[in-house]
Amino acid sequence: MRQVVVGIIVGLLTSGLMVGEVWLNLDKPLRPRDDITWQYFLFDNNFRKLTQGEFGELFNARMFYPREKTLAYGNSLLGQSLLGLPAYLLTGDVVTAANSVILIDLVLAFGAMYLLAYRFTHSTSSGLIAGMIYTYNPYVMAHLHHEQLVLQWLPLLFLLVELLLERVTWWWSVALGGTALMLLISSFYYALFALVIVPMYALMRWWQKGRKEIFWKPLFGVGLVVAVVGWGYLGPFRAVREEYGVKRSIALVELLSANPQDYLFTAPNNWLYGWWAESPLRDSFAREHPTEHSLFPGLVGYGFLALAVWMIIKKKGTSWPMLQIWLVMLGIGVVLSLGPRFLVYRLIYTVVPGADSVRAVSRWAVMGFLSLAVLSALGWQYVSKKLFRFAPRGLVLALLLLGVEYRTVGWVEPFSISEELRTFYQWLDQDEESQVIVELPIANDLENSPGFARSFYDDGQYLLYATWHDKALVNGHHSFIPEDAYAMGRKLTAQFPTQEKLDELRRMGVDVVSVHEEEYGEKQVGEKVVRELRELGLEEAYNRGGVHGFRL
């Protein structure tokens, strides 16, 4: 218990140093246009349904009207919502609760990695180094705006495997099953990684421990329950996959797989190495989209890796067998992050259910960072014994260097919503005549039309605003976007408005068309849409600060 407390306390302190911007801006949207913007809406959907007991309606999010089960167009963030629910109940504010999840995830990830490393080394200092490397490496810092970054469950799974290999009990079996379910309802990516790699690890460790006899009854019983509950949870996702034929092409998978040189680069806003991010050694796509291609673990991390390899070669230290296993795990994580370049990933893509829905294969690198963290802990355990009384100073130096290497600046861009927008959505929320709205401009794929073009990331703004009202939206954004949503976007952009298109919206059940003049690439385009809607005789129920609400 003492080690759990130590891990959580140090995790809290470290989060203040590494992501203090979040602590200081808990009540503000952290970025104006990014994943987190539209994910506030997903949290709002989940918080409302959980607190109101509408569990059967959980997947019927209010976006992409009139489609149903739209929460299942990607990760539901249900696990994250459960973690953030206490903050929501205390504050009643979706943004504050959602932002708190970032901090909760980081603190729990640090604590879980600390405990796993401590299990292997019985060294507090080794656990701290492992927690730092796993939780705040440049890959993680480039993804902080991404609420699917739930790192805590993976090291916890490995820790529970270790405990169960010592002694299988119902308690540890239930803990393993609960962790697996939390991982599933939090992140399909990491759940897939665990499905592939945790059994491999368990088998290697079981063999290494002399193939000791295992009491299978608790594991089988809990596993059966997890399978049934997991299958039920996946029902809406299976329905969406069947309806739309969701599958990522090999070409897209290759684009979002790691390149070998990605392990030399960070995102541009890394405080120490950001200048190197635009290097010509990096391909143009990685320079333009660094989030999935920033995998450099830092010079300290590579130093610990070199130490671990040297210890294996020289057979130094009592942890030599463990070093071997985790070096293998590191190799697996790195190779799989490189995606279809290797046959092994093509087999996973073809054979493992749901693997062909995964885009960002480079995220397999998280298994590499977890392995590197363990190897670094084992390496520090050996070094600290050699340093004797200088070990505390060495620990402080190592943690400071890691902090300097991993510190990221400028990723938080907190903003406040204008009073004009707040007033509009307050009016909309109180308007009992309207139930369904469409917000213009709407996302489309008109990339060569600067006055009209709008991405689904930009429509994520409307989802953030939707946390202030309870109306259904024709607009939407999620990990998967149906092709007919693009078609609708084109229809409501090119040669809009016409009487025929307005009649079609009425038949769909749309009550209000809102127009945000400033959101068009060219303001005169928005002004033209407003003018023509007036000429077609629509009632302009709201007009303030460039925002217009027309009744259909």
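See the structure shown above.
Residues numbered from 1 in each chain as written. Predicted model: local features only at pLDDT ≥ 70, side-chain atom pairs only at ≥ 80, totals over all residues. Heavy atoms only, no water.

### Here we look at the pattern of salt bridges
Counted according to the given criterion, the structure contains 25 salt bridges. Here Arg31 makes a salt bridge to Asp34, at a shortest N to O gap of 2.7 Å. Each member of the pair, Arg31 as well as Asp34, carries the same accessibility label: buried. The partner of Asp459 in a salt bridge is Arg454, with the nearest N and O atoms 2.7 Å apart. Using a relative accessible area of 0% as the deciding quantity, one classes Asp459 as buried. Salt bridges sharing common partners tie together Arg33, Arg454, Asp458, Asp459 and Glu519. (Salt bridge = Lys/Arg side-chain N within 4 Å of Asp/Glu carboxyl O. Buried < 20%, exposed > 50% of the residue type's maximum accessible area, 1.4 Å probe, protein only.)

### Thoughts on helix α23 (residues 499-508)
Every buried residue of α23 is listed here: Lys501, Leu502, Leu505 and Met508. Down the axis of α23, the sector holding all buried residues measures 110°, keeping them to one side. Of the residues in α23, the exposed ones pointing more than 90 degrees away from the buried face are Glu500 and Arg507. The inward-facing, buried residues of α23 abut β1 (436-440), α22 (483-491), β3 (512-516) and α24 (523-535). Gly509 occupies a position one or two residues after α23 and carries a positive phi of about 105°. (Helix = DSSP H or I, 4+ residues; strand = E, 2+ residues; numbered from the N terminus. Arc of directions from axis to C-beta. Contact = heavy atoms within 4.5 Å.)

### Observations concerning the side chain of Asn270
Positionally, Asn270 belongs in the loop between α13 (250-255) and α14 (284-288). Classification of Asn270 as buried rests on a relative accessible area of 5%. A distance of 3.0 Å separates a polar side-chain atom of Asn270 from the backbone nitrogen of Leu272. For Asn270, the residues in contact, after removing those within four places along its chain, are Pro138, Glu405, Tyr406, Arg407 and Thr408. (Polar contact = N/O pair within 3.5 Å; in protein donor to acceptor, adjacent residues only side chain to side chain.)

### Side note on the nonpolar core
Residues Phe158, Tyr190 and Trp326 are the most contacted members of the largest nonpolar core, which totals 155 residues. Here the element with the most residues in this core is helix α5 (residues 94-121); it accounts for 15 residues. Within the second largest apolar cluster, 22 residues are counted, among which are Leu505, Val513, Val525 and Val530. (Core = buried A, V, L, I, M, F, W, Y, C linked by side-chain atoms within 4.5 Å.)

### Details of the sheet that holds β1
As summarised here, the arrangement of the five strands in space is β2-β1-β3-β5-β4, forming an open sheet in which the pairing is mixed. Of all strands in the sheet, those with a lone pairing partner are β2 (472-473) and β4 (539-544), marking the two edges. Sheet analysis places β3 next to strand β5 (residues 547-551), joined by five bridges and oriented antiparallel. When the sheet's bridge partners are listed, Val515 is paired in β5 with His548. (Pairing = 2+ DSSP bridges.)

### Digging into the packing of aromatic side chains
What the rule picks out here adds up to 35 aromatic pairs. Between Phe59 and Phe237 the ring centres are 5.4 Å apart and the planes differ by 90°, which places this aromatic pair in the edge-to-face class. With a gap of 178 residues between them, Phe59 in the loop between α3 (35-52) and α4 (78-91) and Phe237 in helix α12 (residues 235-244) connect regions that are remote in the sequence. The exposure classification of Phe59 matches that of Phe237, with both residues buried. (Phe/Tyr/Trp six-rings, centres within 6.5 Å; stacked < 30°, edge-to-face > 60°.)

### Details of α22
Along α22, the residues classified as buried are Ala485, Met488 and Gly489. Projected down its long axis, α22 shows its buried positions confined to an angular sector of 100°, all on one face. Those residues of α22 that are buried are in contact with α21 (456-465) and α23.

### Side note on the environment of Leu71
Mapped onto the fold, Leu71 is located in the loop between α3 and α4. When its relative accessible area of 0% is taken as the criterion, Leu71 is described as buried. In sequence terms Leu71 and Arg248 are 177 residues apart; their C-alpha atoms lie 19 Å from each other. Setting aside residues no more than four positions away along its own chain, Leu71 makes contact with Leu42, Asn45, Asn46, Leu58, Phe59, Ala61, Ser76, Phe237 and His478.

### Some points on the pairing of β3
Most of β3 is tucked away: five of the five residues are buried. The two faces of β3 match: Val512, Ser514 and His516 on one face and Val513 and Val515 on the other face are all buried. Both β1 and β3 contribute to a ladder of four bridges, which runs parallel. Counted as the bridge partner of Glu439 is Ser514 from β3.

### Quick word on unusual backbone geometry
Residue Pro441 is reached from Leu440 by a cis peptide bond, and omega for that bond is 5°. Along the polypeptide, Pro441 turns up in the loop between β1 and α21. Residue Pro497 is reached from Phe496 by a cis peptide bond, and omega for that bond is 10°. Tracing the chain through its elements places Pro497 in the loop between α22 and α23. In this model, Lys69 sits at a positive phi of 55°, which is unusual for a non-glycine residue.

### Focus on the packing of α5 against helix α18 (residues 365-387)
Running from amino to carboxyl end, α5 crosses α18 at an angle of 45°, the nearest separation of the two axes being 10 Å. Between α5 and α18, the angle is such that the two are oblique. For the element pair α5 and α18, the recorded crossing hand is right-handed. Residues Met113, Leu116, Ala117, Phe120 and Thr121 of α5 form the contact with α18, whose own contacting residues are Leu370, Ala373, Val374, Ala377, Leu378 and Gln381. (Axes fitted to C-alpha atoms, helices over the stretch in contact; angles between N-to-C directions. Parallel < 35°, antiparallel > 145°, perpendicular 65-115°, else oblique. Left-handed = near helix turned anticlockwise from the far one by under 90°.)

### Quick notes on the pairing of β1
Across the five residues of β1, five count as buried, placing the element largely inside the fold. Direction of pairing for β1 relative to β2: parallel, over a ladder of two bridges. The partner of Val436 across the bridge, within β2, is Ala472.

### Thoughts on the packing of helix α8 (residues 153-166) against helix α9 (residues 170-184)
Here α8 crosses α9 at 160°, and the two axes come no closer than 10 Å. In this view, α8 runs roughly antiparallel relative to α9, as classed from their interaxial angle. By crossing handedness, the relation of α8 to α9 is classed as left-handed. Of the residues in α9, those touching α8 at Trp153, Leu154, Leu156, Leu157, Leu160, Leu163 and Leu164 are Trp172, Ser173, Ala175, Leu176, Thr179, Ala180, Met182 and Leu183. Looking at the contact of α8 with α9, its residues break down into 13 nonpolar, two polar and no charged. (Nonpolar A, V, L, I, M, F, W, Y, C, P; charged D, E, K, R; others polar.)

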